[in-house]
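Examination of the molecular architecture
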Amino acid sequence: MTTRYITTPIYYLNGEPHLGHVYTTVAGDVLARYWRLAGARVKFLTGTDEHGQKVAQAADAAGEDPKTYTDRMAALWLDMTRKINSSQDVFLRTTEQRHHEAAQALWKKLEANGQIYKSTYAGWYAVRDEAYYEESEIVDGKAPTGSPVEWMEEDSYFFRLSAWERPLLDYYEANPQAIAPLGRRNEVLSFIKSGLRDLSISRTKFKWGVAVPEDQEHVMYVWVDALTNYMTALGYPNVEGEEFKVFWPEVIHLVGKDIIRFHAVYWPALLLAADLMSPNRIFAHGWWTHDGEKMSKSLGNVVDPYQLIETYGLDPVRYYLMREIPFGQDGDYSDTTMVQRVNSDLANDLGNLVQRVLSFIYKNAGAKIPKPDELMGEDREMLAKAAHLHDLLRDDMEVQALQAYCQHIWEVIGEANRYVDMQKPWSLKKSADPKDHRRMETVLYVLAEVIRHVAIYVQPIMPDSATKILDQLGQKERNFDALKTPLKSGTSLEEPQAVFPRVEKEG
Ligand code: ME8
């Protein structure tokens with residue numbers, strides 16, 4: 001059986017969700033929904049990264065103790081997943097007891113394998129990135145990300161990262177699919193080749209973290225704790241457990257390009273050092289800007305996802321995020337492009353197709369799926385294009401080509417609209433010749449079958465809208481397997497309602 005383990009980053013609780021976080025979560029949700037409909041066994045994980053200095057400082061700034069603060073904020077993030085209709089199987093918080101146990105178990109395993117030693121760290125640290133930086137990386141007193149850095153000097157445990165340079169390069173050589181897209185893979189390889197230094201993996205200056213086993217003075221470096229979440233959710237340290245065996249290492253870690261190094265260097269090295277397998281695939285997507293500018297609180301231009309949902313509706317926002325930019329590249333949000341997508345792709349192309357075909361059947365063909373007569377060449381061609389989606393879309397999803405997934409569906413929608421215009425069922429209806437009437441029924445049948453395909457494949461992207469279309473079409477079977485059987489004639493339609501209204505707002 002096909003299995004898919006899909007993860008998003010676990011998000012820091014230092015602020016509220018914005019469009020970037022919603023983006024990764026929707027992408028994970030689309031993949032999870034697709035693979036479930038394809039009959040795979042799926043586990044979709046998301047959650048919150050609650051420890052470390054950054055979150056502790058945010059709690060402080062809010063005048064709350066970290067526990068009260070993280071409980072309050074985690075509820076907001078869980079609520080975000082509900083508001084965007086994310087279908088995660090697990091929402092994991094790193095403050096959960098089982099996660100502390102998993103992180104400590106990993107630590108003990110690394111220690112037993114001789115991968116950890118104690119020394120002193122002296123160097124730069126950026127709390128905003130929760131990352132260490134080399135002297136050579138500091139530009140004008142700042143991290144390469146622009147974050148402020150502070151000098152840190154303290155006793156620390158170290159992970160022998162330097163020992164994993166060669167094994168990591170060998171692993172990526174043998175598994176070219178393990179990091180995508182290609183540009184990111186090259187970036188990671190050149191980073192490893194430039195030489196890896198041992199990694200400081202504990203802190204003593206604050207307490208808000210997972211305690212280092214047998215040394216209460218230290219808490220784990222937040223990234224070691226955070227990365228372990230991907231295994232906590234599978235029941236680690238029980239590596240003989242069913243879930244662990246089924247899902248590891250067949251994982252797709254979706255991350256933003258900002259955190260590729262943690263996922264593609266530190267994480268696989270920690271796993272290999274603990275006798276575990278490296279993740280099968282890490283996909284780093286690009287960065288959203290707003291009207292050409294980096295989104296930031298200080299600029300006051302952060303796109304509020306809830307505002308967008310309020311204005312355009314949830315499904316149009318989900319569609320826009322997946323369709324507007326190639327998954328893996330950077331992109332820019334603007335109201336203008338959002339309005340264009342809604343009006344052109346949704347209201348005009350898909351919405352109109354569904355509305356005019358279903359209303360026509362409802363009014364002129366007894367509100368039932370018509371019975372086709374003999375198929376002509378153009379009918380077969382139209383049906384073949386819809387049927388071909390199965391293979392095209394699977395290929396897209398295998399490589400997380402989410403934009404291509406939308407484009408392939410919309411090509412068929414475009415074909416179907418052209419087919420309606422060519423076949424003119426309304427003219428056939430006016431004819432007195434019974435042959436024309438039979439022809440009209442055939443054309444409508446072909447269109448209903450194409451709409452069924454489109455709606456079934458649109459489900460991962462726009463679950464609610466696809467449900468409405470399939471309800472109107474009277475279809476109960478909605479998995480991809482349902483498409484192996486031709487559309488049944490005679491099924492009653494519900495009264496058609498417009499699914500995608502136009503928006504009048506001009507960006
Ligand atoms: O990094 N465009 O959490 P985080 C696209 N806790 N994606 C964006 C984005 C933007 N403008 N802004 C944020 C952390 N993201 C760690 C992760 S995982 C073990 C620990 C998305 O709250 C993108 O997925 O800073 C990015 O990687 C993530 O949010 C960072 O979220």
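Note that this is a predicted model, so its numbers are computed, not measured.

The sheet contact formed by strand β4 (residues 116–126) and strand β6 (residues 150–159) spans 10 bridges and is antiparallel. Bridge pairing in β6 places G123 opposite M152. Bridge count for β6 against strand β8 (residues 199–200) is two bridges, and the pairing is antiparallel. Directly across from F158, in β8, lies its bridge partner S200.

Where helix α1 (residues 19–37) meets helix α12 (residues 314–324), the closest approach of the two axes is 10 Å, and the angle between their N-to-C directions is 90°. Taken together, α1 and α12 sit at an angle that is classed as roughly perpendicular. On α12, the residues touching L19, V22, Y23, V26, A27, D29, V30 and R33 of α1 are R318, L321 and M322. Considering only residue class, the contact of α1 with α12 consists of eight nonpolar, no polar and three charged.

Quick look at the sheet that holds strand β9 (residues 202–203) now. Strand order in the open sheet formed by three strands is β9-β11-β10, and the pairing between neighbours is antiparallel. Looking at strand neighbours, the two that pair on one side only are β9 and β10 (211–212), the edges of this open sheet. Bridging between β10 and strand β11 (residues 215–220) involves two bridges; their strand directions are antiparallel. Bridge pairing in β11 places A211 opposite V219.

It is worth spelling out the site of the ligand at this point. The immediate surroundings of the ligand are formed by 22 residues, with I10, T24, D49, D258 and W288 found nearest. Within the side chain of D49, a nitrogen or oxygen atom sits 2.7 Å from a nitrogen atom of the ligand. One of the backbone nitrogen or oxygen atoms of W288 is found 2.9 Å away from a nitrogen atom of the ligand. Taken together, the elements giving at least two residues each to the shell around the ligand come down to β1 (3–12), α1, α7 (222–227) and α8 (229–232). With four residues, the top contributor of residues to the shell around the ligand is β1. When its residues are assigned to classes, the shell around the ligand shows 11 nonpolar, nine polar and two charged.

Regular strands have side chains that alternate between both faces of the sheet. Both β4 and strand β5 (residues 131–133) contribute to a ladder of three bridges, which runs antiparallel. When the sheet's bridge partners are listed, W124 is paired in β5 with Y133. As consecutive antiparallel partners, β4 and β5 are separated by four residues, and within that stretch E130 has a phi angle of approximately 45°, a positive value.

With that settled, the discussion passes to the domain arrangement of the protein. Here the protein is partitioned into domain 1 (3–286) and domain 2 (335–484). Measuring from the centre of the C-alpha atoms in domain 1 to the corresponding centre in domain 2 gives 43 Å. With 13 residues of domain 1 in contact, the opposing surface of domain 2 contributes 17 residues. For the pair domain 1 and domain 2, the summed buried area comes to about 1,400 Å², and 66% of that belongs to carbon and sulfur atoms. Contact with domain 2 buries area across many residues of domain 1, yet V30, Y34 and L37 alone supply 46% of it, more than any other trio.

Here the amide bond leading from A180 into P181 is cis, since omega sits at -10°, within 30 degrees of zero. As for its placement among the helices and strands, P181 is situated in the loop between β7 (179–180) and α6 (182–193). Looking along the chain, the bond that leaves W248 and enters P249 is cis, with omega of 5°. Looking at the element boundaries, P249 is found in the loop between α9 (242–247) and β12 (251–256). One non-glycine residue, E214, adopts positive backbone phi at about 65°. Along the chain, E214 turns up in the loop between β10 and β11. With a phi close to 50°, D291 is a non-glycine residue in the positive phi region.

For the rest of this paragraph, the subject is the sheet that holds strand β16 (residues 331–333). With mixed pairing, three strands are arranged side by side in an open sheet as β15-β14-β16. The open sheet has two edge strands, β15 (293–294) and β16, and neither has a second partner.

Parameters at a glance
- Residues numbered from 1 in each chain as written.
- Predicted model: local features only at pLDDT ≥ 70, side-chain atom pairs only at ≥ 80, totals over all residues.
- Heavy atoms only, no water.
- Pairing = 2+ DSSP bridges.
- Helix = DSSP H or I, 4+ residues; strand = E, 2+ residues; numbered from the N terminus.
- Axes fitted to C-alpha atoms, helices over the stretch in contact; angles between N-to-C directions.
- Parallel < 35°, antiparallel > 145°, perpendicular 65-115°, else oblique.
- Contact = heavy atoms within 4.5 Å.
- Nonpolar A, V, L, I, M, F, W, Y, C, P; charged D, E, K, R; others polar.
- Near = heavy atom within 4 Å.
- Polar contact = N/O pair within 3.5 Å; in protein donor to acceptor, adjacent residues only side chain to side chain.
- Domains from an automatic or database assignment.
- Buried area = accessible area lost by both parts, 1.4 Å probe.

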